[in-house]
Amino acid sequence: MTIRVLIADDQGMVRTGFTVFLGTQPDIEVVGEAADGREAVTEAARLRPDVVLMDVRMPVMDGLSATREIMAAQEPPKVLILTTFDLDDYVYEALRAGASGFLLKDASARQLAEAVRVVASGEALLAPSVTRRLIAEFARVGPRRPRARPDGITERETEVLVLVAQGRSNQEIAAELVLSEQTVKTHLGRILAKLDLRDRAQAIVYAYETGLVRPGE
């Protein structure tokens, strides 16, 4: 399956560079470009891409506002936030807005293509530095609801969700719980469906906001 990508960045050279990089990949197609957040919202609705590469700082409408509008659609694409450096203020809000991950603009062509594939598959793309900032932010604001097992998910699914929120990979979760990696993927899929979450990134936000997981645990 070809992954359809929309690139939203106010710098023409960045858009062109990313388009050239991704154009060499047999499973990725750049279907459009946007020079500001408002255009990104319009083009996302018109083109219905699978993934939007979204710059944070753009004129007319910033990337976070554009992400919120795009994610309000009935079947929204995955959004991968582009940034030139780790921005503490944006990490938490971007994930809450619906972003599936972050990518530094100086990433290599290979990293860029792999990032698109990762978020298109429903995985979260969170570098260790980004995860640390996210956990620090949760530690600062505290859980929005008291600790409790979410309604509708089993004890085993709760165990999987906790480990996902702690940043474990499917392989690591499988080893800890003595399960196959495919079983972990099945549990995660059921968790997302039951809790009406889009992807792994949203599951991490949910686990911390409900108090299911707390920083340091």
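What you are looking at is a predicted structure, and each value in this text was computed from that prediction instead of being measured. (Residues numbered from 1 in each chain as written. Predicted model: local features only at pLDDT ≥ 70, side-chain atom pairs only at ≥ 80, totals over all residues. Heavy atoms only, no water.)

**Observations regarding the overall build of the protein chain**
- When you go through the protein chain residue by residue, the secondary structure sums to 10 helices and 5 strands.
- Burial status across the protein chain gives 50% buried among its 217 residues.
- Across the protein chain, every contact between residues at least 6 apart in sequence was considered, and the portion connecting residues at least 24 apart equals 68%.
- Per element, the accessible surface of the protein chain, about 10600 Å² overall, is 49% carbon and sulfur. (Helix = DSSP H or I, 4+ residues; strand = E, 2+ residues; numbered from the N terminus. Buried < 20%, exposed > 50% of the residue type's maximum accessible area, 1.4 Å probe, protein only. Contact = heavy atoms within 4.5 Å. Areas by Shrake-Rupley, 256 points an atom, 1.4 Å probe, with all protein chains shown as cover.)

**Re the UniProt feature "modified residue: 4-aspartylphosphate" (unreviewed entry) in the protein chain**
- Listed under "modified residue: 4-aspartylphosphate" (unreviewed entry) in the UniProt record, and renumbered for this structure, are Asp55.
- Checked against the element boundaries, Asp55 lands in strand E3 (residues 51-55).
- Those residues in contact with Asp55, other than ones at most four positions away along the chain, are Ala8, Asp9, Asp10, Gly63, Leu82 and Lys105. (UniProt positions renumbered as here; feature names shortened; annotations may be inferred.)

**Observations concerning the pairing of strand E1 (residues 3-8)**
- Within E1, 5 of the 6 residues are buried, leaving the element largely enclosed by the surrounding structure.
- Pairing of E1 with strand E2 (residues 28-34), which is carried by 6 bridges, proceeds in the parallel orientation. Counterpart to Ala8 in the pairing with E2 is Ala34.
- In this fold, the crossover linking E1 to E2 by way of helix H1 (residues 12-23) has right-handed handedness.
- As paired elements, E1 and E3 share 4 bridges and run parallel to each other. Across the sheet, residue Ala8 finds its bridge partner in E3, namely Met54. (Pairing = 2+ DSSP bridges. Right-handed = clockwise from strand over helix to strand, strands pointing away.)

**Section: the environment of Ala113**
- Tracing the chain through its elements places Ala113 in helix H5 (residues 109-120).
- A sequence separation of 90 residues divides Ala113 from Gly23, and the C-alpha atoms of the two residues are 9.6 Å apart.
- Setting aside residues no more than four positions away along its own chain, Ala113 makes contact with Leu22, Gln25 and Ile28.

**Topic: the side chain of Ser100**
- Mapping Ser100 onto the fold places it in the loop between helix H4 (88-97) and strand E5 (101-104).
- Excluding its chain neighbours within four sequence positions, the residues that come into contact with Ser100 are Lys78, Val79, Val119, Glu123, Ala124, Leu125, Asp199 and Ala201.

**Thoughts on the sheet that holds E1**
- Across the sheet, which stays open at both edges, the 5 strands sit in the order E2-E1-E3-E4-E5 with parallel pairing between neighbours. Across the chains shown, the open sheet's two edge strands, defined by having one partner strand only, are E2 and E5. Each strand of the sheet is rotated relative to its neighbour by a mean of 25 degrees, with strand direction disregarded.
- Together, E1, E2, E3 and strand E4 (78-83) form the strand contacts of H1, whose direction differs from that of E2 by roughly 165 degrees. (Axes fitted to C-alpha atoms, helices over the stretch in contact; angles between N-to-C directions.)

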